[in-house]
Amino acid sequence: MNFINMKKHLFSLFVVLAFCFSTNAQKRKGHKEKIKLLKISYLTEQLDLTSSEAEKFWPVYNEYNKNILDFLCKKSDAIKKELKIVKKIDSIDERKALVLFNLTQYLDRKKFEESQNYFTKLKMILPIKKILKLQIAEKEFGRKLMRKYRHKKDKDQLKKGSE
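Note that the coordinates shown come from a computational prediction; the quantities given were computed from them, not determined experimentally.

J.: Explanation requested: the overall build of the protein in the structure shown.
T.: For the protein, the count of helices and strands is 4 helices and 0 strands. Seen in sequence order, the protein has helices and strands lined up from the N terminus as α-α-α-α. Counting across all 163 residues of the protein, residues that qualify as buried make up 19%. Put simply, of all contacts in the protein between residues at least 6 apart along the chain, 70% involve residues at least 24 apart. Looking at the protein as shown, the accessible area adds up to about 13300 Å², and 61% of this sits on carbon and sulfur atoms.

Here you go:
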């Protein structure tokens, strides 16, 4: 195989791989969107929000969830980044461990403050009873989602086992 043919094959392989990665990323994004819509529907049904409550509630809820996700991602990214460098947590020297520990503590504190702020805002929008319903509904949605995921995973493993 000459050099030009090899370049063509490598380029073709690159295009196919890029397409596969793009398709996979779109599937994950579509899957996340589907879960988000299911959660919105579930919470709306469980909370029985009035149109006035819903109009005020959803922006506050969405902002809170975005902020919490940002805190969790930053914490996770910081730990992953450090572990990627040293390979094992036991390899981190005490100084770096302290910096990483302080960062996670800071992010946990910010997450707590964000939660306090969120509940203060919610109390101005919803009665306490609905806030409790929200907390219960979020946990129940998470449980249902995990059961469904586990059930799907078990089915997939059975299919693979029977092939």
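J.: Explanation requested: the packing of aromatic side chains in the structure shown.
T.: In this description, an aromatic ring pair is defined by two values, namely the gap between the centres and the angle between the planes. Applying the stated criterion across every chain, the model contains 6 aromatic pairs. When the centroid spacing of 5.8 Å and the interplanar angle of 45 degrees are considered together, the rings of tyrosine 42 and phenylalanine 141 count as tilted. Taken together, the residues span a long stretch of sequence, with tyrosine 42 in helix H1 (residues 3–47) and phenylalanine 141 in helix H4 (residues 128–162) at a distance of 99 residues. The two residues tyrosine 42 and phenylalanine 141 agree in class, both being buried. Look at phenylalanine 57 and tryptophan 58: their rings are 4.8 Å apart centre to centre, the planes differ by 70 degrees, and that puts the pair in the edge-to-face class. Each of the two residues, phenylalanine 57 as well as tryptophan 58, counts as buried. Members of the aromatic cluster, each reached through a chain of ring pairs, are Phe57, Trp58 and Tyr61.

J.: Hey, could you run me through helix H3 (residues 94–125) in this one?
T.: A turn of α-helix holds 3.6 residues, and therefore any two residues three or four places apart point the same way. With 32 residues, H3 should reach 46 Å at 1.5 Å per residue; the first-to-last C-alpha distance of 46 Å fits that figure. Restricting attention to buried positions, one finds in H3 the residues Leu100, Thr104, Leu107, Glu114, Ser115, Tyr118, Leu122 and Ile125. By the N-cap criterion, in which a side-chain oxygen at the helix start approaches the backbone nitrogen of a residue two or three places on, H3 is capped by aspartate 93, the distance to arginine 95 being 3.1 Å.

J.: What am I meant to see in the nonpolar core here?
T.: The nonpolar side chains of a soluble globular protein tend to be buried with one another. Leu43, Phe57, Tyr61, Tyr118, Leu122, Leu126 and Leu134 are the most contacted members of the largest nonpolar core, which has 20 residues in total. Elements represented by at least two residues in this core include exactly H1, helix H2 (51–86), H3 and H4.

J.: What is the right way to look at the pattern of salt bridges in this model?
T.: A pair can form between side chains of opposite charge whenever their charged atoms are brought close. This structure, assessed with the given rule, holds 6 salt bridges. For the salt bridge of lysine 121 with glutamate 63, the shortest nitrogen-to-oxygen distance reads 3.9 Å. In this pair, lysine 121 sits in helix H3 while glutamate 63 sits in helix H2, placing the two residues 58 residues apart along the sequence. The class for glutamate 63 is partly exposed, based on a relative accessible area of 41%. The partner of arginine 143 in a salt bridge is glutamate 140, with the nearest N and O atoms 3.1 Å apart. With arginine 143 and glutamate 140 both in helix H4 and 3 residues apart, this pair spans about one turn of that helix. Judged by its relative accessible area of 45%, arginine 143 falls in the partly exposed class. One connected set of salt bridges, linked through shared partners, spans Glu140, Arg143 and Arg147.

J.: What exactly am I supposed to notice about unusual backbone geometry here?
T.: A positive phi angle is found at aspartate 48, which is not glycine, with a value near 50 degrees. Topologically, aspartate 48 is positioned in the loop between H1 and H2. Aspartate 48 gets classed as exposed once you look at its relative accessible area, which sits at 56%.

Criteria and thresholds
- Residues numbered from 1 in each chain as written.
- Predicted model: local features only at pLDDT ≥ 70, side-chain atom pairs only at ≥ 80, totals over all residues.
- Heavy atoms only, no water.
- Helix = DSSP H or I, 4+ residues; strand = E, 2+ residues; numbered from the N terminus.
- Buried < 20%, exposed > 50% of the residue type's maximum accessible area, 1.4 Å probe, protein only.
- Contact = heavy atoms within 4.5 Å.
- Areas by Shrake-Rupley, 256 points an atom, 1.4 Å probe, with all protein chains shown as cover.
- Phe/Tyr/Trp six-rings, centres within 6.5 Å; stacked < 30°, edge-to-face > 60°.
- Expected span 1.5 Å × (residues − 1).
- Polar contact = N/O pair within 3.5 Å; in protein donor to acceptor, adjacent residues only side chain to side chain.
- Core = buried A, V, L, I, M, F, W, Y, C linked by side-chain atoms within 4.5 Å.
- Salt bridge = Lys/Arg side-chain N within 4 Å of Asp/Glu carboxyl O.

Geometric descriptors of this kind do not, in isolation, establish any biological role.
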